[in-house]
Amino acid sequence: MKQRLSVIMASDVVGYSRLMGIDEKGTLSALKLHRHELWDVKIALYQGHTIKLVGDGMLTEFQTAEEAVLCAIEIQSEMQKRNARVPGDRRIEFRIGINIGDLIFEDDDVYGDGVNVAARIENVAKPGGIAISASVRDTLGKRLGIRFEDVGEHALKNIERPIRIFNIIVDDGAEGANPEFIATPKPAVQSVGTRLGPEFSPNRTLLYVSKFSNLSGDPDQDYFAAGLTEDVAAGLARFSRLIVVAQQPPSEQQHAESIPHYVLEGSVRRLGNRVRVSANLINVSGERIWAEKYDFDLIDIFHIQDELSRSIPAALSVKIEEAERQRALSKPVTSLKAYDLYLRGRHLHQGSSQEDVRLARKMYLAAIADDPEFPRPYIGLAWIELRKLKWNEIVEIDTALATASALLSKALKLNPIDADTHWALGVVHLWRGEAERAVACYERARELAPSNCDLLAEYCDALGYLGRLDDAVRMGELAVRLNPSRPDWYLWDIAAAKFLSGKYLEALSLLEKMAELGPAYRLLAATYAQLGRLEEARQAARELLKVNPDFSIERYSSRAPYLDKTLMAKYIEGLRLAGLPE
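Residues numbered from 1 in each chain as written. Predicted model: local features only at pLDDT ≥ 70, side-chain atom pairs only at ≥ 80, totals over all residues. Heavy atoms only, no water.

K.L.:
When you look at the overall build of the chain in this model, what are you seeing that I'm missing?
P.N.:
Per the secondary structure count, the chain includes 22 helices and 14 strands. Buried residues in the chain amount to 56% of all 582 residues. Contacts spanning at least 24 positions in sequence make up 63% of the contacts within the chain whose residues lie at least 6 apart. Working note: accessible area of the chain is about 25,500 Å², and carbon and sulfur atoms make up 50% of it. (Helix = DSSP H or I, 4+ residues; strand = E, 2+ residues; numbered from the N terminus. Buried < 20%, exposed > 50% of the residue type's maximum accessible area, 1.4 Å probe, protein only. Contact = heavy atoms within 4.5 Å. Areas by Shrake-Rupley, 256 points an atom, 1.4 Å probe, with all protein chains shown as cover.)

K.L.:
Can you walk me through the packing of aromatic side chains in this structure?
P.N.:
The description of an aromatic ring pair rests on the distance of the ring centres and on the angle between the ring planes. Scanning the model with the defined rule gives 14 aromatic pairs in all. Aromatic side chains Tyr442 and Tyr459 sit 4.7 Å apart centroid to centroid with 5° between the ring planes, which places their arrangement in the stacked category. Taken as a pair, Tyr442 in helix α14 (residues 435-448) and Tyr459 in helix α15 (residues 453-465) lie far apart in primary sequence, 17 residues in all. The same class applies to Tyr442 and to Tyr459, which are both buried. Grouping aromatic residues by their ring pairs yields a cluster made of Trp431, Tyr465, Phe499, Tyr504, Phe551, Tyr556, Tyr562 and Tyr571. Just above the ring of Phe166 sits the side chain of Arg137; from NZ or CZ to the centre is 5.9 Å. (Phe/Tyr/Trp six-rings, centres within 6.5 Å; stacked < 30°, edge-to-face > 60°. Lys NZ or Arg CZ within 6 Å of the ring centre and 35° of its normal.)

K.L.:
What is the right way to look at the packing of helix α17 (residues 489-500) against helix α18 (residues 504-511) in this model?
P.N.:
Relative placement of two packed helices is described by the angle separating their axes and the distance separating the axes. Put simply, α17 and α18 touch, their axes get as near as 8 Å, and they point 170° apart. One element, α17, and the other, α18, form an angle in the roughly antiparallel class. Residue-level inspection shows Leu491, Trp492, Ile494, Ala495, Lys498 and Phe499 of α17 in contact with α18, the latter providing Tyr504, Glu506, Ala507, Leu510 and Leu511. Looking at the contact of α17 with α18 residue by residue, the classes come out as nine nonpolar, no polar and two charged. (Axes fitted to C-alpha atoms, helices over the stretch in contact; angles between N-to-C directions. Parallel < 35°, antiparallel > 145°, perpendicular 65-115°, else oblique. Nonpolar A, V, L, I, M, F, W, Y, C, P; charged D, E, K, R; others polar.)

K.L.:
Help me understand the pairing of strand β9 (residues 205-209), please; the structure alone is not making it clear to me.
P.N.:
Two faces make up the sheet, and in a regular strand the side chains alternate between them. Counting buried positions along β9 yields five of five residues, so the element is predominantly enclosed. Residues Thr205, Leu207 and Val209 of β9 are buried on one face, and the alternating residues Leu206 and Tyr208, pointing to the opposite face, are buried as well. Bridge count between β9 and strand β12 (residues 261-271): four bridges; the pairing is parallel. Residue pairing across strands places Leu207 opposite Tyr262, the latter belonging to β12. (Pairing = 2+ DSSP bridges.)

K.L.:
Whenever I open this one, the packing of α15 against helix α16 (residues 469-482) confuses me. Can you help?
P.N.:
At a closest axis distance of 8 Å, the pairing of α15 and α16 adopts a crossing angle of 160°. Classified by the interaxial angle, the pair formed by α15 and α16 is roughly antiparallel. Crossing of α15 over α16 shows left-handed handedness. Where α15 approaches α16, its residues Cys453, Leu456, Ala457, Tyr459, Cys460, Leu463 and Gly464 are matched on the opposing element by Leu469, Asp471, Ala472, Met475, Gly476, Leu478, Ala479 and Leu482. Residues belonging to the contact of α15 with α16 are distributed by class as follows: twelve nonpolar, two polar and one charged. (Left-handed = near helix turned anticlockwise from the far one by under 90°.)

K.L.:
How do you make sense of the nonpolar core when you look at a structure like this?
P.N.:
Soluble globular proteins: nonpolar side chains tend toward being buried together. Membership of the largest hydrophobic core comes to 105 residues, with the highest contact counts inside it found for Tyr556 and Leu575. Ignoring any residue separated from it by four or fewer positions in sequence, one finds Tyr556 in contact with Asn392, Tyr465, Arg522, Phe551, Tyr562, Tyr571, Ile572 and Leu575. In this structure, Val7, Leu19, Tyr46 and Ile92 belong to the second largest nonpolar core, which totals 36 residues. (Core = buried A, V, L, I, M, F, W, Y, C linked by side-chain atoms within 4.5 Å.)

K.L.:
What is the right way to read the environment of Asn483 from this model?
P.N.:
Relative to the elements of secondary structure, Asn483 occurs in the loop between α16 and α17. Sequence separation between Asn483 and Ser451 is 32 residues; the distance between their C-alpha atoms is 9.3 Å.

K.L.:
Looking at this structure, I do not really get the pattern of salt bridges. What am I missing?
P.N.:
When the charged atoms of two side chains with opposite charge come close together, those side chains can pair. Overall, the coordinates contain 22 salt bridges when judged by the stated rule. Across the pair Lys126 and Glu149 runs a salt bridge whose closest N-O atoms are separated by 3.5 Å. Here Glu149 lies in strand β7 (residues 148-154) and Lys126 lies in the loop between α4 (113-124) and β6 (130-133), a separation of 23 residues in the sequence. Overall, the relative accessible area of 32% leaves Glu149 in the partly exposed class. (Salt bridge = Lys/Arg side-chain N within 4 Å of Asp/Glu carboxyl O.)

K.L.:
Would you mind going over the confidence of the model for the chain with me for this structure?
P.N.:
The predicted coordinates of low-pLDDT regions are not to be read in fine detail. In this model, the chain carries an average pLDDT of 80, and 84% of its residues clear a pLDDT of 70 or more. The model gives residues 252-258 a pLDDT under 50, and that stretch makes ten contacts with residues more than four places away or in other chains. (pLDDT = per-residue confidence, 0-100.)

K.L.:
Mind showing me how you'd approach the environment of Gln248 here?
P.N.:
By secondary structure assignment, the location of Gln248 is in the loop between β11 (242-245) and α7 (253-258). Taking the C-alpha atoms as reference, Gln248 lies 7.6 Å from Lys211; in sequence the two are 37 residues apart. For Gln248, the contacting residues outside a window of four places in its chain are Tyr208 and Ser210.

K.L.:
Which parts of the structure should I look at to understand α17?
P.N.:
In an α-helix, one turn spans 3.6 residues, which is why side chains three or four residues apart end up on the same side. Helix length check: α17 (twelve residues) gives 17 Å between terminal C-alpha atoms against 16 Å at 1.5 Å per residue, within 8%. In terms of burial, α17 is a largely internal element, eleven of the twelve residues being buried. Here α17 has its buried residues at Tyr490, Leu491, Trp492, Asp493, Ile494, Ala495, Ala496, Ala497, Lys498, Phe499 and Leu500. Once α17 finishes, Gly502 follows within two positions and takes phi at roughly 80°, a positive value. (Expected span 1.5 Å × (residues − 1).)

K.L.:
What's the story with the pairing of strand β8 (residues 163-168) in this structure? I'm lost.
P.N.:
Counting buried positions along β8 yields five of six residues, so the element is predominantly enclosed. As judged from the four bridges shared by β6 and β8, these two strands associate in the antiparallel manner. The residue bridging Ile130 from the neighbouring strand is Ile168, located in β8. Pairing analysis gives five bridges linking β7 to β8, with the strands arranged antiparallel. From the neighbouring strand, Glu153 faces β8, where its bridge partner is Arg164.

K.L.:
Can you walk me through helix α19 (residues 521-530) in this structure?
P.N.:
A large share of α19 lies buried, amounting to ten of its ten residues. For α19, the elements touching its buried residues are α11 (376-390), α17, α18, α20 (534-547), α21 (553-559) and α22 (565-577). Note on α19: the residue one or two positions beyond its end, Gly532, has a positive phi of about 80°.

This is the structure in structure tokens:
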């Protein structure tokens with residue numbers, strides 16, 4: 001028997017027996033189509049897992065309440081559109097209920113209070129509607145801008161305690177939609193595939209992924225183009241800062257003007273034994289901000305698909321974040337909301353001056369003041385503490401780690417599947433000397449965001465400290481390959497692993513490619529020293545002290561989380577030969 005706490009979504013068809021009596025074959029065919037084209041796709045996009053099918057009913061498990069609710073909103077909004085031209089007596093409408101509770105798996109079946117309550121809440125939901133428990137409502141808070149209708153406490157069948165239930169207001173404006181369930185005062189919450197109004201404020205970026213065109217002239221290649229589109233969309237959906245819509249963007253001018261969004265378009269062309277995939281990223285103004293062509297030999301088409309499903313999401317996430325930061329920087333501070341404040345703070349945090357860091361902290365705190373339930377500013381504040389250690393600043397290490405850990409715990413509570421939170425927790429455990437826990441956090445982060453290039457480069461740094469030098473180099477080189485706009489610190493992390501492997505010339509080659517070394521002058525000084533180029537080592541040491549006047553060898557050696565202290569010995573030797581202060 002296995003038991004775990006989960007978010008459970010229960011659903012079934014309204015009036016299923018009546019529909020079967022009218023047209024059994026047509027009802028079954030339509031239901032199968034809805035599940036294949038809509039339910040399965042949306043559940044997969046939101047990392048859900050269908051755990052039980054019973055006739056017209058379904059139980060689905062999600063990792064977070066946010067994912068379950070957004071998935072449900074998408075499904076119900078799309079069903080309104082699908083039913084718009086269907087005669088009223090033939091419409092397939094679903095009820096959905098969502099609850100947080102225990103799941104118990106035994107004898108190939110699922111039980112538990114969480115399942116029972118979800119099923120009973122679903123029975124209370126309106127046709128075409130979504131009902132949730134108070135536990136789900138409290139977990140969501142105001143993060144998504146969703147409007148709720150409090151329908152009070154209900155005594156549910158076979159449930160001992162009364163359950164307070166809320167309806168989620170779904171507003172799609174589709175012709176023929178149930179008027180009882182359409183809110184008119186203001187547009188509804190953002191969600192993938194729904195109509196997004198001017199009050200859309202998700203603290204995330206909206207990206208439409210259009211179906212890749214097959215330009216090969218060979219209909220047999222349609223499957224490759226369709227499969228590539230699905231893989232890229234699924235890869236992008238794993239970046240918590242993106243809301244991914246696997247469809248063409250709406251054509252309404254009002255939407256285009258009011259909602260910042262991006263569109264990924266692409267095509268696939270087979271040329272003899274070669275495959276060319278083209279991809280373009282277009283912003284809300286219709287400007288192309290990124291384009292790339294990928295050429296492969298047609299040896300293993302599934303390998304090609306796998307490679308592209310990693311490289312395109314990685315490149316896009318970088319370009320979108322760059323574009324979003326520039327958008328935020330172009331606005332006056334007085335008009336910024338939580339997401340833009342966070343983006344501006346992140347931009348400042350990439351600088352090396354103390355003034356930049358001070359302003360970044362100010363932006364993060366302002367973002368939290370605007371939206372205390374937005375997790376990313378807490379992660380930004382945690383990184384400010386962690387960077388003090390990585391850059392060898394004067395700080396009490398236990399205090400810095402405790403502060404970072406508390407901030408990350410808050411972020412984790414707000415969003416348990418944000419890869420950046422698990423990544424930063426990995427750094428905390430690394431610097432506490434907890435190697436196994438550090439690796440577990442990094443691996444969890446990679447599960448959540450396998451194409452996050454910054455994460456891969458940072459993992460390279462951690463693996464170097466842990467003495468897994470070959471793995472570190474491979475991880476760092478993957479980050480460089482996936483990120484065409486890689487920042488210089490990627491090279492620093494790879495160079496550190498090369499240095500620790502005794503490959504000083506290879507380390508030097510990487511460091512010399514950096515436009516601004518900043519704290520990396522530390523590694524450059526040690527590298528020159530180990531190569532016997534002492535004058536250049538001393539010059540690099542002088543540059544390091546301009547960046548970090550308080551640097552000391554003793555502080556670095558006592559803090560740095562090397563698992564194998566013999567690896568650190570040559571580094572310390574190089575720092576001493578370069579003349580850095582003890």
